[in-house]
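Each chain, letter by letter, is given below.
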Amino acid sequence: MQNARRRTGLSQALLAACFVLAPGIAAALTTSLTAPGASDELRKRLTEASSIMNAETNGLSDAQELLAASLSDYTTLVQILYDEGYFSPVVNIRVNGREAANIPLLDPPATVRTVAISVQTGRAFTFGQARVAPLTQGTELPERFAPGKTATTGAIRDAASAGVQAWRNAGHAKANVGQQRIVANNRQAVLDADITLAPGPKLRFGKLHIPRDSTVRPEAIGRIAGFPTGEVYDPEKVQTVGTRLRRTGSFSSVTLNEAETPNPDGTLDFDAVVVDQVPRRVSFGASVSSSQGMELSASWMHRNLFGNAERFQIEGNVSNIGGDEPIDGGLSIRLDQPAKLGPDDSIFYLGQIGTDNQEHYKLTRFYLGGGVRRVFSDNLYAELGVNAGLSRSDDVFGERDFYMMTFPLRVNWDRRDSKVSATRGFFLDSFVTPYLGLKDTESGLSGYFDARGYLSLTSTASVVLAGRVQLGTVIGPSLADVSPEFLFYSGGAGTVRGQPYESLGVPVNGGISGGRSLLAVSAEVRGRITDTISLVGFFDIAAVGRDQFVSSGSPYHSGAGLGVRYDLGGLGPLRLDLALPVEGSTDDGLQFYLGIGQAF
């Protein structure tokens, strides 16, 4: 009896569980979308845009939610069809077999089991009339907005936008779309689009109203902005003003809002809205290689030191930790004062003290200096400085002291799509440094040029070719009269991977000196395996010359290897390279390099 009662109780519990689970089972949703005659691409667009087709992803399960999603899909799907040139479509959405539009909102079904979407695209329309007027000189309308072309709402929007933007570029800041006449002829499948623009008056820049809630002084903001009061309105100049303010690093956000109405004198005022950046930043870095050991670096920055958006930075590094040479390091400071000579011109002051303990030389140096920086565009800037310094070296030529004034000129042109992991574009960085020797130091000129290029072989940048060329020269004094800081070595992560750091130079007196010239070439093939992991194959070769230019008799070496990259987002990839020597004698064998960011 007891066993029978237990079985009866268990059966009742299972039956009750079935009743509890039954609503969930009954409510399982089945969706479908059919579009006879539509392309696979259009069908995919419709499916991805449909709320009901993505109900599970969107977290929709309640009957009321599912009905609302079905109703919203009418507008969504029709708009996509209009965008594709189908202006007489028929869209049916049946919920549990009933047209969703006919289901009373106050009496929805208790559960939604099936939703079936049927799309009949109809004929694709073409433009009959395609007109935007009036147009200013130089306006370029999209080619797809023309009689006979497939009529799409996207083409109409782009044409109207192009017309308005051209008027704005010509100084008509308040240009807008006036009237629109769009008529669809269903019988002939033709769409007529007639858009009338309202250019408004030609305006000049008025005043820039500057906020007073920023820690950067208002007069400093105005000086940095360089607002072009009195000049003819130009949207690019508005963009330039915003870029100047963002470039200081003192603001996390910069917005320039134009006034709703122009002033009676034909000028247009703007309001600057800025959000201060956190003033201080501390950063750390580390890299490891098999021969150089570990290098640690740290920096401290203040973005608004005296209230005028000055940037003050202190950087320090310690290297050769666990490497082949004694530990060395350095400390440097730099202060940038923006807009001291104009909105695009800043003044900087700098200083450095440090010691390099390398296999072929030891160098201790100290210098102070300053200079000016000119920003020509978002991609191009130049710096010209004057420094005074002294250094003491101990190398193959013995102990020597150098006293000099240097006049470094740097030009940097960066057209890469990413600074940390480029897939297209180029980068050019050049340094030309005439120097004046004091006491017994010889005068001369040092030059270094770094050119990098990137080419994506696929539309998704899954395969990228990257190349780098480095050129260096010292003109004037003989090899024995040049400080090691201006001479060139090769080997290591910056030149030839697979060869020990600075292992290639010029043979002198049974030892190695840096050369007066350098030619280094690197090539990489980067292939993305997953969204975060890439493989890299590379080859590096370099030559170092005794004279001011590398010749066919200059010593050279090369290396090759494979690398792995793991994408860290905005920081760039975590990099691991394994390399072996190809040409050039070395007893170190396999070299490895670990760091953050691409090798170049």
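Everything numeric in this text was worked out from a predicted model, so none of it was measured.

**Here's the deal with the overall build of the chain**
Looking only at helices and strands, one finds 7 helices and 29 strands in the chain. Dimensions along the principal axes, computed over C-alpha positions, put the chain at roughly 100 × 95 × 50 Å. Sorting the 600 residues of the chain into buried and exposed places 40% on the buried side. Here the chain holds 55 positive side-chain charges and 62 negative ones, and the gap between their average locations is 7 Å.

**A few points about the nonpolar core**
Side chains that are nonpolar tend, in soluble globular proteins, to be buried together. Membership of the largest hydrophobic core comes to 25 residues, with the highest contact counts inside it found for Leu42, Leu46, Leu81, Ile93 and Ile117. Taken together, the elements giving at least two residues each to this core come down to helix 2 (40–49), helix 4 (63–83), strand 2 (90–95) and strand 4 (114–120). Among the elements that line this core, the one with the most residues is helix 4, at 8 residues. In this structure isoleucine 93 touches Ser70, Asp73, Tyr74, Arg98, Glu99, Ala100, Val115, Ala116 and Ile117, once residues within four positions along its chain are discounted. One finds Ala173, Leu208, Phe227 and Val241 within the second-largest nonpolar core, a separate group that totals 23 residues.

**Thoughts on the environment of glutamine 277**
Note on placement: glutamine 277 falls in the loop between strand 10 (267–276) and strand 11 (280–289). Judged by relative accessible area, glutamine 277 falls into the partly exposed class, the value being 29%. A C-alpha to C-alpha distance of 7.9 Å links glutamine 277 and serine 253, two positions 24 residues apart in sequence. Residue contacts for glutamine 277: discarding those within four places in its chain leaves Gly249, Ser250, Phe251, Ser252 and Arg303.

**Quick notes on a negative patch on the surface**
A surface patch of negative charge is lined by Asp324, Glu359, Asp587 and Asp588. With respect to the secondary-structure elements, aspartate 324 resides in the loop between strand 13 (311–321) and strand 14 (328–342). Residue classification places aspartate 324 among the exposed positions, given a relative accessible area of 57%.

**Topic: the packing of helix 6 (residues 218–225) against helix 7 (residues 235–247)**
Relative to each other, helix 6 and helix 7 sit at 125 degrees, their axes nearing to 8 Å. Accordingly, the angle class assigned to the pair helix 6 and helix 7 is oblique. In the packing of helix 6 onto helix 7, the handedness of the crossing is right-handed. Side by side, helix 6 and helix 7 meet where Ile221, Ile224 and Ala225 of the first sit next to Val241, Arg244 and Leu245 of the second.

**Some thoughts on the pattern of salt bridges**
Under the defined criterion, the tally for this structure stands at 31 salt bridges. The shortest N-O distance in the salt bridge between aspartate 194 and arginine 131 comes to 2.6 Å. Of this pair, aspartate 194 sits in strand 7 (residues 190–198) while arginine 131 sits in strand 5 (residues 126–133); the two residues are 63 residues apart in sequence, bridging distant segments of the chain. Of the charged contacts, one joins arginine 334 and aspartate 336 as a salt bridge, the two residues approaching to 2.9 Å between their closest N and O atoms. On the accessibility criterion, aspartate 336 (16% relative accessible area) is buried. Among the charged side chains, a salt-bridge network with shared partners connects Arg497, Glu524, Arg526, Asp540, Arg565, Arg575 and Asp577.

**Observations regarding the packing of aromatic side chains**
What the rule picks out here adds up to 12 aromatic pairs. Arranged with centres 5.3 Å apart and planes meeting at 75 degrees, the rings of phenylalanine 205 and phenylalanine 227 form a pair that is edge-to-face. Linking phenylalanine 205 in strand 8 (residues 204–209) with phenylalanine 227 in the loop between helix 6 and helix 7, this pair joins segments that are 22 residues apart in sequence. Accessibility assignment for this pair places phenylalanine 205 and phenylalanine 227 in one class, buried.

**Digging into helix 6**
When helix 6 is considered as a whole, its buried residues turn out to be Ala220, Ile221, Ile224 and Ala225. Summarising the axial view, the buried residues of helix 6 lie within an arc of 130 degrees, below the 170-degree limit, and thus occupy one face. Buried residues belonging to helix 6 abut strand 8, helix 7, strand 9 (251–258) and strand 14. One or two residues past the end of helix 6 sits glycine 226, with phi positive at roughly 55 degrees.

**Describing the pairing of strand 17 (residues 380–395)**
The sheet contact formed by strand 16 (residues 362–375) and strand 17 spans 14 bridges and is antiparallel. Opposite glycine 370, over in strand 17, you have valine 386 as the bridge partner. Taking the residues that link successive antiparallel strands as the turn, the strand 16-strand 17 hairpin has 4 residues. Pairing of strand 17 with strand 19 (residues 409–414), which is carried by 5 bridges, proceeds in the antiparallel orientation. Bridge pairing in strand 19 places glutamate 383 opposite arginine 410.

**Considering the confidence of the model for the chain**
Scored by pLDDT, the chain comes out at a mean of 91, with 95% of its residues at no less than 70. Least confident of the elements in the chain is helix 1 (residues 2–26), whose mean pLDDT is 38; most confident is strand 19, at 98. pLDDT under 50 marks residues 1–26. Its contacts with residues more than four places away, or in other chains, come to 1 contact.

**With respect to the environment of phenylalanine 538**
Mapped onto the secondary structure, phenylalanine 538 falls in strand 26 (residues 533–545). By relative accessible area, which is 5% here, phenylalanine 538 ends up buried. Sequence-wise, phenylalanine 538 and aspartate 577 are 39 residues apart; in three dimensions their C-alpha atoms are separated by 9.2 Å. If we skip the residues at most four places from it in the chain, phenylalanine 538 touches Arg497, Ala523, Glu524, Gly559, Ala560, Gly561, Leu562, Gly563, Asp577, Leu578 and Ala579.

**A few points about the sheet that holds strand 9**
The strand order across the open sheet formed by 3 strands is 8-10-9, and the pairing between neighbours is mixed. Edge strands, defined here as strands with exactly one partner in the open sheet, are strand 8 and strand 9. Across the sheet, the axes of successive neighbouring strands diverge by a mean angle of 25 degrees, strand direction being ignored. Relative to strand 10, strand 8 is paired through 4 bridges, and the arrangement is parallel. Along strand 10, the bridge assignment pairs leucine 208 with phenylalanine 270.

**Quick notes on the packing of helix 4 against helix 5 (residues 153–169)**
Where helix 4 meets helix 5, the axes come as close as 6 Å, and the angle between the chain directions of the two elements is 70 degrees. Judged by the angle between their axes, helix 4 and helix 5 are roughly perpendicular. Residues Gln79, Tyr82 and Asp83 of helix 4 touch helix 5, and the partners they reach there are Thr153, Gly154 and Arg157. Of the residues belonging to the contact of helix 4 with helix 5, the class tally is 1 nonpolar, 3 polar and 2 charged.

**Looking at the sheet that holds strand 6 (residues 176–185)**
What the 3 strands build is an open sheet, ordered 5-7-6; its pairing is mixed. A strand with exactly one partner marks an edge of an open sheet, and here the two such strands are strand 5 and strand 6. On average, adjacent strands in this sheet sit at an angle of 10 degrees to one another, irrespective of strand direction. Both strand 6 and strand 7 contribute to a ladder of 8 bridges, which runs antiparallel. Paired with isoleucine 182 across the bridge in strand 7 is alanine 193. Of the strands in this sheet, strand 5, strand 6 and strand 7 are in contact with helix 5, which crosses strand 7 at around 20 degrees.

Calculation rules
Residues numbered from 1 in each chain as written. Predicted model: local features only at pLDDT ≥ 70, side-chain atom pairs only at ≥ 80, totals over all residues. Heavy atoms only, no water. Helix = DSSP H or I, 4+ residues; strand = E, 2+ residues; numbered from the N terminus. Buried < 20%, exposed > 50% of the residue type's maximum accessible area, 1.4 Å probe, protein only. Lys, Arg positive; Asp, Glu negative; His and termini not counted. Charge placed at Lys NZ, Arg CZ, Asp CG, Glu CD. Core = buried A, V, L, I, M, F, W, Y, C linked by side-chain atoms within 4.5 Å. Contact = heavy atoms within 4.5 Å. Patch = residues over 30% accessible without salt bridge, like charges linked within 9 Å, V, L, I, M, F, W, Y side chains within 5 Å. Areas by Shrake-Rupley, 256 points an atom, 1.4 Å probe, with all protein chains shown as cover. Salt bridge = Lys/Arg side-chain N within 4 Å of Asp/Glu carboxyl O. Axes fitted to C-alpha atoms, helices over the stretch in contact; angles between N-to-C directions. Parallel < 35°, antiparallel > 145°, perpendicular 65-115°, else oblique. Left-handed = near helix turned anticlockwise from the far one by under 90°. Phe/Tyr/Trp six-rings, centres within 6.5 Å; stacked < 30°, edge-to-face > 60°. Arc of directions from axis to C-beta. Pairing = 2+ DSSP bridges. pLDDT = per-residue confidence, 0-100. Nonpolar A, V, L, I, M, F, W, Y, C, P; charged D, E, K, R; others polar.

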